[in-house]
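Okay, here's what each chain looks like letter by letter:
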Amino acid sequence: MGIVLGAIADDFTGATDLANTLVGEGMSVLQAIGVPHDGLPIQNADAVVVALKSRTAPADEAVAKSKAALDWLKSQGAEQIIFKYCSTFDSTAKGNIGPVADALLEAMDQDLAVICPAFPANQRTIYKGTLFVGDVPLSESSMKDHPLTPMCDSSLIRLMEAQSGNDCGLIPLETVRNGKGPIQRQIDELRNKGKRYGVVDALTDDDLHSIGAALADHKLVTGGSGIAMGLPANLRKSGKLGASNAPVLPTARGRRLVVAGSCSAATRAQIARAKVIWPTLKIDIDRMADGADEVSRGVEWATAQSGDAPVLIYGSSDPDEVAQTQAKHGTERAGQMMEDALAGIAKRLADMEFAQIFVAGGETSGAVVKALDVRALKIGPEIAPGVPWTEAIGENPLALALKSGNFGKDTFFEDAFGMLP
Ligand code: ADP
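Here the structure is a predicted model, which is why all the values come from computation and not from measurement.

## Details of the layout of surface pockets
Its boundaries defined by the atoms lining it, the second largest pocket holds a volume of some 150 Å³. Here the lining of the second largest pocket is built from residues that sort into 2 nonpolar, 4 polar and 4 charged.

Here it is in structure tokens:
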């Protein structure tokens, strides 16, 4: 039957965020890692979110990847496409959001797309075309100092005009509060004036639902994950999407493993808790630098433990120890060595009887997913807000949970495994 909704996300965690939002609206969702080349089994998914790494890539590369993702999504039946970027509109000085939006509009033969990164649950709101982070405009928030994508302007209209070279107008809050009809009329007016983008004000989830309702006929919708909230209802109303589906837990069965590379306070507290109840092993960067085979040590240790309890293999240290290690080996090299080791261990254990794997750390998750050659994640129920269990689609069937660093309470690992039968 194919999918009814497709999304192109400019980074991995942004893709997960959007996938979770759609799951929350009762859709069955697959997150593809990169543009799928050959027959990715879309199973019974209603939507596929393609996770790219295009936020800080050169603009022409971001455009090419986004167009390839679009072609694939269209080939799977998607009639409506979301271009998902961060709710803080993260873009480099030249900005990839504008060029990618321009290319998608053109490729889809559309004359206007809305711009709406609002995400009220995370305190990202838009008023008079200005993006607010909490109580302050974007350019006064900590985003002004972001190492890769510093944001020095808060006007989405100015940012979009500078990045895209096309005219951008506003659908103001007063119009949004008047509902679907007035929103659509304002969009038509912008279109008649030759505008190719319309920034939409939104302060609340209700605003986002009204905006969503007005966008049923928009083939291309751009925004943060909040903009997706109102779209599934349109698809249901038009009969393209069936009744609400509850997300299902991954079915892979096998031994349980936690791999932790995050050194955040939350992860260290979770490791401390795991040490009390499970076998744990620390991987050592100094030994690796001396040429020791830490991957084999980890694998041999894990397989020698009894299969009754999960095993935890970690690199995480406290800030003092991390600073010492970084001074000795270099920050990047130390991080890379640990990522490679943990990913190598996860890969070898996944090839054996380990089939339920929890990974702690954003970069660590990226390295593990790559080593395991995971092509897509079927999004399951949430362990905690924003962190779902997933079924990995790749070489081995796997239950996979990926958590970025500072997330979750002490019992997070056991809570996660407690959900699996
Ligand atoms: P988070 O989501 O908390 O930022 P990441 O996995 O993204 O976690 O980043 C943690 C980084 O720290 C990784 O590159 C990891 O390899 C590295 N790392 C882990 N343990 C150590 C350690 N003991 N010393 C130095 N770096 C480490």
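Moving on, there is more to tell.
## Observations concerning the pairing of strand 15 (residues 354–360)
Of all 7 residues that make up strand 15, 7 are buried, and the element is covered over most of its length. Where strand 15 and strand 18 (residues 398–403) come together, 5 bridges link them in parallel fashion. When the bridges of strand 18 are listed, Ile-357 appears paired with Leu-400.

## Digging into the domain arrangement of the chain
Here the domain parsing of the chain yields domain 1 (5–237) and domain 2 (255–418). The C-alpha centroid of domain 2 is placed 32 Å from the C-alpha centroid of domain 1. Contacts between the two partners involve 16 residues from domain 1, matched on the other side by 13 residues from domain 2. Carbon and sulfur atoms supply 63% of the area that domain 1 and domain 2 bury against each other, a total of about 1,200 Å² over both sides. The interface formed by domain 1 and domain 2 contains 0 salt bridges. Inspection of the domain 1/domain 2 interface yields 4 residue pairs in polar contact (both at pLDDT 80 or more). Of all the secondary-structure elements, those providing two or more residues to the side of domain 1 that touches domain 2 are helix 1 (12–24) and strand 2 (29–33). The residue makeup of the side of domain 1 that touches domain 2, split by class, is 9 nonpolar, 6 polar and 1 charged.

## Observations concerning the pattern of salt bridges
By the definition in use, this model includes 18 salt bridges. The shortest N-O distance in the salt bridge between Arg-255 and Glu-353 comes to 3.6 Å. One end of the pair, Arg-255, is in strand 12 (residues 255–260); the other, Glu-353, is in the loop between helix 13 (331–350) and strand 15, and 98 residues separate them in sequence. The partly exposed category is assigned to Glu-353, whose relative accessible area is 39%. The residue Lys-282 makes a salt bridge to Glu-321 at a minimum N-O spacing of 3.0 Å. Residue Lys-282 is found in strand 13 (residues 280–282), and its partner Glu-321 is found in helix 12 (residues 319–329); the two are separated by 39 residues along the sequence. Through salt bridges with shared partners, a single network forms among Asp-10, Asp-11, Arg-55 and Asp-90.

Rules behind the numbers
- Residues numbered from 1 in each chain as written.
- Predicted model: local features only at pLDDT ≥ 70, side-chain atom pairs only at ≥ 80, totals over all residues.
- Heavy atoms only, no water.
- 1 Å grid on protein atoms, 1.4 Å probe; cavity = no way out; pocket = protein on both sides within 12 Å on 5 of 7 lines; lining within 4 Å.
- Points joined across faces, edges and corners; volume = space filled by probe spheres on them.
- Nonpolar A, V, L, I, M, F, W, Y, C, P; charged D, E, K, R; others polar.
- Buried < 20%, exposed > 50% of the residue type's maximum accessible area, 1.4 Å probe, protein only.
- Helix = DSSP H or I, 4+ residues; strand = E, 2+ residues; numbered from the N terminus.
- Pairing = 2+ DSSP bridges.
- Domains from an automatic or database assignment.
- Contact = heavy atoms within 4.5 Å.
- Buried area = accessible area lost by both parts, 1.4 Å probe.
- Salt bridge = Lys/Arg side-chain N within 4 Å of Asp/Glu carboxyl O.
- Polar contact = N/O pair within 3.5 Å; in protein donor to acceptor, adjacent residues only side chain to side chain.

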